[in-house]
There are 2 protein chains.
Amino acid sequence: MEPIKKNKAIPKATAKRIPLYFRYLKTLDQSGIKRIKSNEFSQMIQIPSATIRRDFSHFGELGRSGYGYDVPYLIEVFSEILNTDIEKRIGLIGVGNLGRALMKNNFRRNSNLNIVASFDANSMIIGEKVNDIEVYDIEKLKEIVRKEGITTVIMTVPSDKAQRVMDQVIDSGVTAVLNFAPKRLKVPHHIQVQYIDLTTELQTLIYYDENYNGTDLSVL
Amino acid sequence: MEPIKKNKAIPKATAKRIPLYFRYLKTLDQSGIKRIKSNEFSQMIQIPSATIRRDFSHFGELGRSGYGYDVPYLIEVFSEILNTDIEKRIGLIGVGNLGRALMKNNFRRNSNLNIVASFDANSMIIGEKVNDIEVYDIEKLKEIVRKEGITTVIMTVPSDKAQRVMDQVIDSGVTAVLNFAPKRLKVPHHIQVQYIDLTTELQTLIYYDENYNGTDLSVL
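Predicted, not measured: the structure shown is a model, and the values here were computed from it.

Undergrad: Would you mind showing me how to read the relation of the copies chain B and chain A here?
TA: The pair of chain copies shares a relation made of a rotation about an axis and a shift along it. Between the two copies, chain B and chain A, the superposition gives an RMSD of 0.0 Å; the rotation angle is 180° and the shift along the axis is 0.0 Å. Taken together, these values place the two copies in the relation of a two-fold axis. Residue by residue, 100% of the interface of chain B is reproduced at the interface of chain A, so both copies engage with the same surface.

Undergrad: Quick question: what am I supposed to make of the confidence of the model for chain A here?
TA: In low-pLDDT segments, the atomic positions of the prediction should not be examined closely. Residue and element names in this part refer to chain A. For chain A, mean pLDDT is 85; residues scoring 70 or higher make up 89% of the total. Long-range and interchain partners of residues 214–220, a stretch whose pLDDT sits below 50, account for 19 contacts in this model, where long-range means more than four residues apart. Overall fold confidence for the complex sits at a pTM of 0.76, while the interface term, ipTM, reaches 0.75.

Undergrad: Is there a simple way to think about the sheet that holds strand 8 (residues 152–155) of chain B in this case?
TA: Hydrogen bonds between backbone atoms are what pair the strands of a sheet, whose relative direction is either parallel or antiparallel. Residues and elements named next belong to chain B. Pairing is mixed across the open sheet formed by seven strands, whose spatial order is 6-7-5-4-8-9-10. Looking along the sheet, the strands with just one partner apiece sit at the ends: strand 6 (129–130) and strand 10 (192–195). Pairing analysis gives two bridges linking strand 6 to strand 7 (residues 133–137), with the strands arranged antiparallel. Opposite Val130, over in strand 7, you have Ile133 as the bridge partner.

Undergrad: How should I be thinking about helix 4 (residues 71–82) of chain A in this particular structure?
TA: Note that an α-helix has 3.6 residues per turn; residues three or four places apart therefore point the same way. All names here are of chain A. Across its 12 residues, helix 4 extends 16 Å between first and last C-alpha, which sits within 8% of the 16 Å expected from 1.5 Å per residue. Those residues of helix 4 lying buried are Val71, Leu74, Ile75, Val77, Phe78, Ser79, Ile81 and Leu82. Looking at the residues trailing helix 4, positive phi occurs at Asn83, about 60°.

Undergrad: What is the right way to look at unusual backbone geometry in this model?
TA: Residues and elements named next belong to chain A. Although it is not a glycine, Phe107 sits at a positive phi angle of roughly 50°. By the element assignment, Phe107 lies in the loop between helix 5 (97–105) and strand 5 (113–120). For Phe107, a relative accessible area of 7% puts it in the buried group. With a phi angle near 70°, Asp132 is a residue other than glycine that sits in the positive phi range. Structurally, Asp132 is set in the loop between strand 6 (129–130) and strand 7 (133–137). A relative accessible area of 70% means that Asp132 is categorised as exposed.

Undergrad: Help me out: how do you make sense of the sheet that holds strand 10 (residues 192–195) of chain A in this one?
TA: Strand order in the open sheet made by the seven strands is 6-7-5-4-8-9-10 (chain A), with mixed pairing throughout. Looking at strand neighbours, the two that pair on one side only are strand 6 and strand 10 of chain A, the edges of this open sheet. Relative to strand 7 of chain A, strand 5 of chain A is paired through three bridges, and the arrangement is parallel. When the bridges of strand 7 of chain A are listed, Ser118(A) appears paired with Val135(A). Helix-sheet contacts for helix 8 (residues 198–211) of chain B involve strand 4 (88–93), strand 5, strand 8 (152–155), strand 9 (176–179) and strand 10 of chain A, and the interaxial angle to strand 10 of chain A is about 165°.

Undergrad: Is there a simple way to explain the interface of chain B and chain A in this structure?
TA: Interfaces are frequently sized by the accessible area removed from exposure as the parts join. Of the residues lining the interface, 71 residues belong to chain B; the matching set on chain A comes to 71 residues. For the chain B and chain A pair, buried surface summed over both sides reaches about 6800 Å², with 55% attributable to carbon and sulfur atoms. Summed over the three residues of chain B that lose the most area to chain A, namely Arg184(B), Gln192(B) and Tyr207(B), the buried surface amounts to 11% of that side. Remark: the boundary between chain B and chain A carries two salt bridges.

Undergrad: Looking at this structure, how should I read the packing of aromatic side chains?
TA: Aromatic rings considered in pairs are described by the distance between their centres and by the relative angle of their planes. Residue and element names in this part refer to chain A. Throughout the structure, instances matching the rule amount to 16 aromatic pairs over all chains. Where Phe59 meets Phe78, the ring centres are 5.1 Å apart and the plane angle is 90°; that geometry is what we call edge-to-face. Of this pair, Phe59 sits in the loop between helix 3 (49–57) and strand 2 (63–64) while Phe78 sits in helix 4, placing them 19 residues apart in sequence. Given the relative accessible area of 0%, Phe78 is considered buried. Members of the aromatic cluster, each reached through a chain of ring pairs, are Tyr21, Phe41, Phe56, Phe59, Tyr69 and Phe78.

Undergrad: Whenever I open this one, the pattern of salt bridges confuses me. Can you help?
TA: Oppositely charged side chains can form a pair if their charged atoms are brought close together. All names here are of chain B. Inspection of every chain in the model, using the stated rule, returns 16 salt bridges over all chains. With a closest N to O distance of 2.6 Å, Arg17 and Asp55 form a salt bridge. Here the residue Arg17 occupies a position in helix 1 (residues 12–30), and Asp55 occupies one in helix 3 (residues 49–57), the gap between them amounting to 38 residues. A salt bridge links Glu128 to Arg100, with the nearest nitrogen and oxygen atoms 2.7 Å apart. Placement of Glu128 in the loop between strand 5 (113–120) and strand 6 and of Arg100 in helix 5 (residues 97–105) is noted, with a sequence separation of 28 residues between them.

Thresholds applied
Residues numbered from 1 in each chain as written. Chains lettered and ligands numbered in written order. Predicted model: local features only at pLDDT ≥ 70, side-chain atom pairs only at ≥ 80, totals over all residues. Heavy atoms only, no water. Least-squares fit on C-alpha atoms with pLDDT ≥ 70 in both. Contact = heavy atoms within 4.5 Å. pLDDT = per-residue confidence, 0-100. Pairing = 2+ DSSP bridges. Helix = DSSP H or I, 4+ residues; strand = E, 2+ residues; numbered from the N terminus. Expected span 1.5 Å × (residues − 1). Buried < 20%, exposed > 50% of the residue type's maximum accessible area, 1.4 Å probe, protein only. Axes fitted to C-alpha atoms, helices over the stretch in contact; angles between N-to-C directions. Buried area = accessible area lost by both parts, 1.4 Å probe. Salt bridge = Lys/Arg side-chain N within 4 Å of Asp/Glu carboxyl O. Phe/Tyr/Trp six-rings, centres within 6.5 Å; stacked < 30°, edge-to-face > 60°.

Right, here's the structure in full:
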């Protein structure tokens with residue numbers, strides 16, 4: 001296989017869909033399906049087939065008319081793009097109900113994603129282990145990030161603590177943050193923050209259900 | 001105030017941003033800020049000011065040059081649109097780690113969003129209460145949905161159970177589903193499903209961090 005050049009003219013909207021494509025292709029592959037047509041794939045993942053064809057075209061000549069796409073080849077391409085064979089060492093900050101739930105699950109369906117340490121300010125739980133993951137004092141963040149080789153942080157802290165914790169994360173050298181506090185935070189340009197806001201998702205869902213019944217809600 | 005006609009020419013992309021606008025305007029209002037200019041609001045919520053001005057224009061003549069937008073008025077408009085004074089009665093299906101975390105939190109910052117009942121197939125936990133919310137047998141879903149006036153369901157069930165549970169939800173008459181299982185499900189046209197896929201969010205974040213450092217990840 002030709003190596004795929006990273007960053008090479010992959011539009012952002014396409015890049016964003018790659019993890020979704022990858023997941024479904026793996027499912028197909030595990031089910032023994034080695035070829036799929038764009039219209040079938042479209043029905044499966046609920047993305048227009050024109051979008052799929054356009055996206056896939058960025059990765060070379062991958063589909064042939066009447067034959068469809070080669071599933072194992074696409075998995076290889078996307079796997080290289082997503083670097084899924086390389087372990088991602090994750091720190092979780094905020095060992096409350098949601099934090100504990102994520103630690104107990106620990107992305108068990110994705111062997112390369114590993115929460116390896118957690119952090120909290122509450123001295124009552126520091127030193128505890130949840131699913132074999134130690135809870136460290138948040139003041140030790142920078143030290144443990146280096147020691148454990150953590151490159152990504154999940155923040156499950158209350159909104160009013162989020163900016164202070166984010167400042168500590170920035171100081172630790174971590175540049176990728178998945179944040180469950182909905183409040184937009186101030187971060188320098190090189191820090192990537194993905195916000196997951198369950199309340200807004202729910203309000204949007206209800207709002208659509210009541211007003212736009214029957215329309216497509218897909219955000220990806 | 002002129003009543004806002006629902007559905008009246010509000011583009012979907014605009015509709016989607018309303019819950020976010022609403023949240024920030026409430027924060028401003030609570031801080032005593034009653035007027036805001038679109039460029040200031042833009043910085044706060046990280047949405048381009050041209051987008052904000054275009055969105056707000058759908059709700060009438062709300063901003064004046066040099067004066068900005070009237071915060072309490074906008075809250076009134078969006079509140080009516082989002083129906084936030086009306087209680088939304090929510091059922092949660094799948095009382096595992098994530099389900100329990102959501103029940104313990106129960107959207108406490110949003111008094112109109114209430115998880116009023118939960119459901120599971122595990123006889124060991126049926127009858128239990130989590131944060132005063134009873135765990136019912138999933139086979140009683142239809143009955144409890146009617147009795148409790150549930151209009152929205154949150155699904156925190158394993159992927160391999162998701163389609164079967166969704167079929168039961170459809171049968172119960174609920175049309176709005178927030179689903180934490182990433183697998184796309186088969187649903188009739190009138191059912192609204194919002195997928196929250198934490199693994200894909202995380203993979204996308206890491207992928208962006210490694211490849212597109214410094215670009216905007218905002219999805220809303």
